[in-house]
Amino acid sequence: MRLTVLGRSPARPNPGEACAGYLVEGGGARLLVDIGPGVVAQLLMQGHPDELDAVVVSHMHPDHMLDLVTLRYVYPWRSRPRDERLRVIVPPGSTEQLQDLARGVGGRKHLDDVFRLSEHDGRSTMTFGRMAVTPVETQHFIPCWGFRAEADDRLVAYTADTGPCDALHDLATNADLLVSEATLRSVDEDAAPPQARGHLLPAEAGDAARVAGARRLLLTHLPVDEDGAAWARAEAATAYGREVEVAEPQAVYEV
Ligand SMILES: [Zn+2]
Ligand SMILES: [Zn+2]
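Right, let's walk through the structure included here.

## Remarks on the overall build of the protein
Per the secondary structure count, the protein includes seven helices and 14 strands. Overall, the C-alpha framework of the protein stretches about 55 × 40 × 30 Å when taken along its three principal axes. Looking at the 255 residues of the protein, the share that counts as buried comes to 56%. Counted over contacts in the protein with a minimum sequence separation of 6, partners at least 24 positions apart contribute 60%. If you sum the accessible surface of the protein, you get close to 10800 Å²; carbon and sulfur atoms cover 49% of it.

## Examining the layout of surface pockets
Approximately 240 Å³ is the volume attributed to the largest pocket. Around the largest pocket, the lining is made up of 16 residues, and of these P10, A11, R12, P13 and P223 lie nearest the centre. Counted by class, the lining of the largest pocket contains six nonpolar, six polar and four charged residues.

## Topic: the coordination of the zinc ion (ligand 2)
Within the first shell, the zinc ion (ligand 2) binds the protein through D63 (OD), H64 (NE2), D161 (OD) and H221 (NE2), at distances of 2.1 to 2.2 Å. Classification of the site at the zinc ion (ligand 2) rests on its four donor atoms, whose angles at the metal span 89 to 154°, yielding the label irregular. Ordering the donors of the zinc ion (ligand 2) by residue number gives the pattern D-H-x96-D-x59-H. Between the zinc ion (ligand 2) and the zinc ion (ligand 1) the interatomic distance comes to 3.5 Å, and D161 is a ligand of both metals. Residue H64 is located in helix α2 (residues 62-65), and its partner D161 is located in the loop between β10 (154-158) and α5 (166-172); the two are separated by 97 residues in the primary sequence. Note on accessibility: H64 and D161 belong to one class, buried.

## Description of helix α7 (residues 228-240)
Since there are 3.6 residues in each turn of an α-helix, residues three or four apart along the chain are aligned in direction. Over its 13 residues, α7 runs 18 Å from end to end, which matches the ideal 18 Å to within 8%, given 1.5 Å per residue. Every buried residue of α7 is accounted for by G228, A229, A232, A236, A239 and Y240. All buried residues of α7 lie within an arc of 100° about the axis, which places them on one face of the element. Of the surrounding secondary structure, the elements contacted by the buried residues of α7 are α6 (202-212), β12 (217-220) and β13 (245-246).

## As for the coordination of the zinc ion (ligand 1)
With distances of 2.1 to 2.3 Å, the protein atoms coordinating the zinc ion (ligand 1) are H59 (NE2), H61 (ND1), H140 (NE2) and D161 (OD). Relative to the metal, the four donor atoms surrounding the zinc ion (ligand 1) lie at angles of 91 to 167°, and the coordination shape comes out irregular. Each donor residue of the zinc ion (ligand 1) belongs to the same chain, and together they define the spacing H-x1-H-x78-H-x20-D. You can call H61 partly exposed: its relative accessible area is 21%.

## Overview of the side chain of T138
Assignment of secondary structure puts T138 in the loop between β8 (131-137) and β9 (145-151). T138 sits in the buried class, given a relative accessible area of 11%. Separated by 2.8 Å, the side chain of T138 and the backbone oxygen of D161 make a polar contact. In this structure, T138 is in contact with C144, W145, G146, T159, D161, T162 and A167, ignoring residues within four places of it in sequence.

## Points about the pattern of salt bridges
In total, this model carries 14 salt bridges according to the counting rule given. Here D225 and R185 are joined by a salt bridge, their closest N and O atoms 2.6 Å apart. Here R185 lies in the loop between β11 (177-181) and α6 and D225 lies in the loop between β12 and α7, a separation of 40 residues in the sequence.

Calculation notes
Residues numbered from 1 in each chain as written. Chains lettered and ligands numbered in written order. Predicted model: local features only at pLDDT ≥ 70, side-chain atom pairs only at ≥ 80, totals over all residues. Heavy atoms only, no water. Helix = DSSP H or I, 4+ residues; strand = E, 2+ residues; numbered from the N terminus. Buried < 20%, exposed > 50% of the residue type's maximum accessible area, 1.4 Å probe, protein only. Contact = heavy atoms within 4.5 Å. Areas by Shrake-Rupley, 256 points an atom, 1.4 Å probe, with all protein chains shown as cover. 1 Å grid on protein atoms, 1.4 Å probe; cavity = no way out; pocket = protein on both sides within 12 Å on 5 of 7 lines; lining within 4 Å. Points joined across faces, edges and corners; volume = space filled by probe spheres on them. Nonpolar A, V, L, I, M, F, W, Y, C, P; charged D, E, K, R; others polar. Donors = N, O, S within 2.8 Å, 3.2 Å for Na, K, Ca; no water. Tetrahedral: all angles 85-135°; square planar, octahedral: opposite > 155°, others 65-115°. Expected span 1.5 Å × (residues − 1). Arc of directions from axis to C-beta. Polar contact = N/O pair within 3.5 Å; in protein donor to acceptor, adjacent residues only side chain to side chain. Salt bridge = Lys/Arg side-chain N within 4 Å of Asp/Glu carboxyl O.

In structure tokens form, the structure reads like this:
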């Protein structure tokens, strides 16, 4: 399998970088997982969106889906024949929210004209070519699903956004590559008790990877100003007990 990082920014973008977006390839399939602001410009450096089997969205926070609006402009303005439309798969109950977004940017059919919108059901495995993608619900401020993508006897796990939780363990178990968010620099940046946590410290990503037996850990969705990337790598490596990588825009990770 192959993972290409299109954006590693948290909601507040790192200068010059896109928010969440990852190309996942394997088993004859090519998926775009998450499509935050700036991702489409990065995607076009890798090819045309028609080369994708689908766009899959983890949750409806803008830093993971807002560039769907931009993606529409890659296509001619007239509506496309239904069977030629790009599949866009969003979380359960989210299509109505997308309709609101479409209305908000000027037209009810802004997205419908060129995309085939559907929802996953939050647990069933989806198949693209010979790639199997299973959503796993994480712990976040709104409903959110990470994904386990399997193809060619390899497994790539993506946490999307999550606080420390049991689901993170299920998600990361035996992953050949765990792509984990590491948004926080301090727990003070997360929700205050009694509200549940919604993000991870780099050390918590390292802990989760170690306990789940993940074979490789790639940190993403993190601020990289000052020594942010080096600090996160060191914190996670100590907890993981081995080397950790920090996602680089446009970098390709062979799994
Ligand atoms: Zn989020
Ligand atoms: Zn996020």
